[in-house]
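# Residue-level structure breakdown
Below are the chains, spelled out letter by letter.
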Amino acid sequence: MNAEQKKICVGLVGFGFAGSTFHAPVIAAVDALQLVAVASSQAEAVHAAWPTVRVMPEASQLFADPDVDLVVIAAPNEAHFSLALAALSAGKHVVVDKPFTITSAEAAILIACARQNNRLLSVYHNRRWDADFLSLQDLLAQGTLGRIATFESHFDRFRPQIKQRWRELDSPGGGLLYDLGPHLIDQALVLFGMPSHLFADIALQRDGAAAVDYFHLVLYYAQMRVILHAGSLVNQVGPRFSVHGERGSFVKFGLDPQEDSLRAGGNPRDANWGQDAVSARLSLGSSAGAIDLPMRRGCYQNYYEGIATAITHGSPAPVSAEDGMRAIVLIETALRSAASGKVLELEPISASAHGL
């Protein structure tokens, strides 16, 4: 970057659902960034959406491009580690789509490589900028609900038919725990930090399922319990958030609208972007009455605004790589808990344990 603040040139690895829907349009909405290249085998699809962007068949070609400042990894989960390591080693700043890696050991190697090369490394936990989560975060910071007793976060869907795609294969990083789990886990960690213990129940519920399509996690925090749940056979979806404290409750139905807007070709620059039409129900005190609480506007573009600022001014990344690793530690613990049927203690993430 020079004194004239030229745009940060971005190279995107992968143009599947994540790359084409969650990354490219959001990157394009940030003035400080410019999408200049995509590594993908789908050249026609890339050029149809982004006619001026160069397409490279191999990620290695993108990493070798001197014009690319920032690499965004939106490839299948199992490839995150090797691609991010190669990009960092080539001197690029790197954003990795969630989940950060498959294992915490891989995450630690990437963090060490980023430090060695003095490069930014971040994880795209975009749902920190969901409308309902931002609103709930404000409410908890204000202490409106008092001490929280129960926090329940659901991401349920009705998808009885199994699709032939990598997310539903019995392979490292496949299944719902690695797909939706990072969203719910990261939000809980932002609000409450690391739990002391964790219990997990995971299952394959659909006929012919090869990968996890149901999980139920219980995170233990002194008197508080945090429940994170996702299922694929939920036709009558309940609340997205149910939060109960000493002074009252917060209940919110419906998902943040930004994903649907991006799927429909919406632009984060649109006037009504991120506006959630569904209010939460806020009940306070001992009365049975409740009020409708409007949601703040969601803003996925704020993640990439933060990335641009971090690269330009050396400020902290909007999501640290260490935060991404903490989510993976909880996933690994959940897999061990489900296998053993036991509540497991979470040890503090130390530098010596992960080579940091």
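Report on the accompanying structure. Everything numeric in this text was worked out from a predicted model, so none of it was measured.

Each value, and the rule that gives it
Each chain carries its own residue numbering, running from 1 in the direction its sequence is written. Reporting in this predicted model follows two pLDDT cut-offs: at least 70 for local features of residues, and 80 or more for side-chain atom pairs to be given and counted; totals over whole chains, interfaces and linings ignore these cut-offs and use all residues. Working from all heavy atoms in the structure, the side-chain values ignore hydrogens and water. Every helix listed is a DSSP run of H or I at least four residues long, and every strand listed is a run of E at least two residues long, numbered separately from the N terminus. Radius of gyration: over C-alpha atoms. The globule rule applied is 2.2 Å multiplied by the number of residues raised to the 0.38 power. Contacts were defined at the residue level, with two residues in contact if any of their heavy atoms lie within 4.5 Å. Between any two strands, at least two bridges found by DSSP are needed for them to pair. For every element, the axis is a line fit to its C-alpha atoms; helices are fit only across the contacting stretch, and the angle between N-to-C directions ranges from 0 to 180 degrees. A pair of aromatic rings is counted whenever rings of Phe, Tyr or Trp (Trp by its six-membered ring) have centres within 6.5 Å, and the orientation is called stacked for planes under 30 degrees apart, edge-to-face for over 60 and tilted otherwise. Relative accessible area decides the class of each residue, using a 1.4 Å probe on protein chains only: under 20% of the type maximum gives buried, over 50% gives exposed, and in between gives partly exposed. By convention a nonpolar core is built from buried Ala, Val, Leu, Ile, Met, Phe, Trp, Tyr and Cys residues, the set being connected through side-chain atoms within 4.5 Å. Definition used for salt bridges: Asp or Glu carboxyl oxygen within 4 Å of a side-chain nitrogen of Lys or Arg. For classification purposes, angles smaller than 35 degrees are called roughly parallel, those larger than 145 roughly antiparallel, those between 65 and 115 roughly perpendicular, and all remaining angles oblique. Classification used: nonpolar for Ala, Val, Leu, Ile, Met, Phe, Trp, Tyr, Cys and Pro, charged for Asp, Glu, Lys and Arg, polar for all others including Gly. A helix is expected to span 1.5 Å multiplied by its residue count minus one. Convention used here: a crossover is right-handed provided that the path from the first strand, over the helix, to the second strand proceeds clockwise when the strands point away from the viewer.

### Points about the overall build of the protein
- Of regular secondary structure, the protein possesses 12 helices and 15 strands.
- A compact globule built from 356 residues would reach a C-alpha radius of gyration of about 21 Å, and the protein, at 20 Å, matches this within 12%.
- With the principal axes as the frame, the protein shows a C-alpha extent of 60 × 45 × 40 Å.
- Put simply, 70% of the contacts in the protein that link residues at least 6 apart link residues at least 24 apart.

### Some thoughts on the sheet that holds strand 5 (residues 93-97)
- A sheet is described by the order of its strands in space; here 6 strands give the open sequence 3-2-1-4-5-6, paired in parallel fashion. One side of each edge strand has no neighbouring strand; the edge strands of this open sheet are strand 3 (54-56) and strand 6 (121-124). Here the strands of the sheet are splayed against their neighbours by 25° on average, with no regard to which way each runs.
- Bridging between strand 4 (residues 70-73) and strand 5 involves 4 bridges; their strand directions are parallel. By the bridge assignment, Ile73 is partnered in strand 5 with Val96.
- Against the sheet, helix 10 (residues 301-313) touches strand 1 (8-13), strand 2 (33-39), strand 4, strand 5 and strand 6, its axis set at about 180° to strand 6.

### Some details on the packing of aromatic side chains
- According to the stated counting rule, one finds 8 aromatic pairs in the structure shown.
- Between Trp129 and Tyr303, the ring centres sit 5.8 Å apart and the planes meet at 70°, which makes this aromatic pair edge-to-face. Remark: Tyr303 occurs in helix 10 and Trp129 occurs in the loop between strand 6 and helix 6 (131-142); sequence separation between them is 174 residues. Note on accessibility: Trp129 and Tyr303 belong to one class, buried.
- Through successive ring pairs, a cluster of aromatic residues spans Tyr124, Trp129, Tyr303 and Tyr304.

### What to know about the nonpolar core
- By size, the foremost hydrophobic cluster in this structure holds 107 residues, and its most contacted members are Phe100, Leu121 and Tyr304.
- Setting aside its immediate chain neighbours within four residues, Tyr304 contacts His23, Val26, Ile27, Val30, Leu33, Val72, Val95 and Tyr124.

### Brief notes about the pattern of salt bridges
- With the rule as written, the count across this model stands at 17 salt bridges.
- Asp179 is the salt-bridge partner of Arg157, the closest N and O atoms lying 3.9 Å from each other. Of this pair, Arg157 sits in the loop between strand 7 (148-154) and helix 7 (176-179) while Asp179 sits in helix 7, placing them 22 residues apart in sequence.
- The closest approach of N and O atoms between Asp292 and Arg281, which form a salt bridge, is 2.6 Å. Note that Asp292 is positioned in strand 14 (residues 291-293) and Arg281 in strand 13 (residues 280-284), a separation of 11 residues in sequence.
- Through salt bridges with shared partners, a single network forms among Arg127, Asp130, Glu259 and Arg263.

### A few points about the packing of helix 5 (residues 104-117) against helix 11 (residues 321-340)
- Between helix 5 and helix 11, the least distance of the axes is 9 Å, while the angle of their chain directions is 170°. Taken together, the axis directions place helix 5 and helix 11 in an arrangement best described as roughly antiparallel. Together, Ser104, Ala107, Ala108, Ile111 and Arg115 of helix 5 and Ala321, Glu322, Met325, Ile328, Val329 and Glu332 of helix 11 make up the contact between the two elements.
- Looking at the contact of helix 5 with helix 11, its residues break down into 7 nonpolar, 1 polar and 3 charged.

### Thoughts on helix 1 (residues 17-28)
- Its 12 residues give helix 1 an end-to-end C-alpha distance of 16 Å, which sits within 8% of 16 Å, the value for a rise of 1.5 Å per residue.
- A large share of helix 1 lies buried, amounting to 9 of its 12 residues.
- Buried within helix 1 we find Ala18, Gly19, Thr21, Phe22, His23, Ala24, Pro25, Val26 and Ile27.

### Considerations on the pairing of strand 6
- Burial along strand 6 is two-sided: the residues Leu121 and Val123 and Ser122 and Tyr124 are all buried.
- Relative to strand 6, strand 5 runs parallel, the two being bridged by 4 bridges. Among the inter-strand pairings, Asp97 is bridged to a residue of strand 6, identified as Tyr124.
- Where the polypeptide runs from strand 5 across helix 5 and back to strand 6, its parallel neighbour, the crossover connection is right-handed.

### A short note on helix 4 (residues 80-89)
- For helix 4, every residue scored as buried is listed here: His80, Phe81, Leu83, Ala84, Ala87 and Leu88.
- One or two residues past the end of helix 4 sits Gly91, with phi positive at roughly 85°.

### Quick word on the sheet that holds strand 14
- With mixed pairing, the 9 strands of this open sheet are ordered in space as 14-13-12-11-7-10-9-8-15. With one partner strand each, in any of the chains shown, strand 14 and strand 15 (344-345) form the two edges of the open sheet.
- Bridge count for strand 9 (residues 214-221) against strand 10 (residues 224-231) is 8 bridges, and the pairing is antiparallel. In the strand pairing of strand 10, Leu217 is matched with Leu228.

### What to know about the packing of helix 4 against helix 5
- The N-to-C vectors of helix 4 and helix 5 enclose an angle of 10°; their axes lie 9 Å apart at closest approach. Relative to helix 5, helix 4 is oriented roughly parallel. Contacts from Phe81, Ala84, Leu85, Leu88 and Ser89 of helix 4 reach helix 5 at Glu106, Ile109, Leu110, Cys113, Ala114 and Asn117.
- Here the contact of helix 4 with helix 5 is composed, by residue class, of 8 nonpolar, 2 polar and 1 charged.

Distances and angles like these do not, on their own, reveal function.
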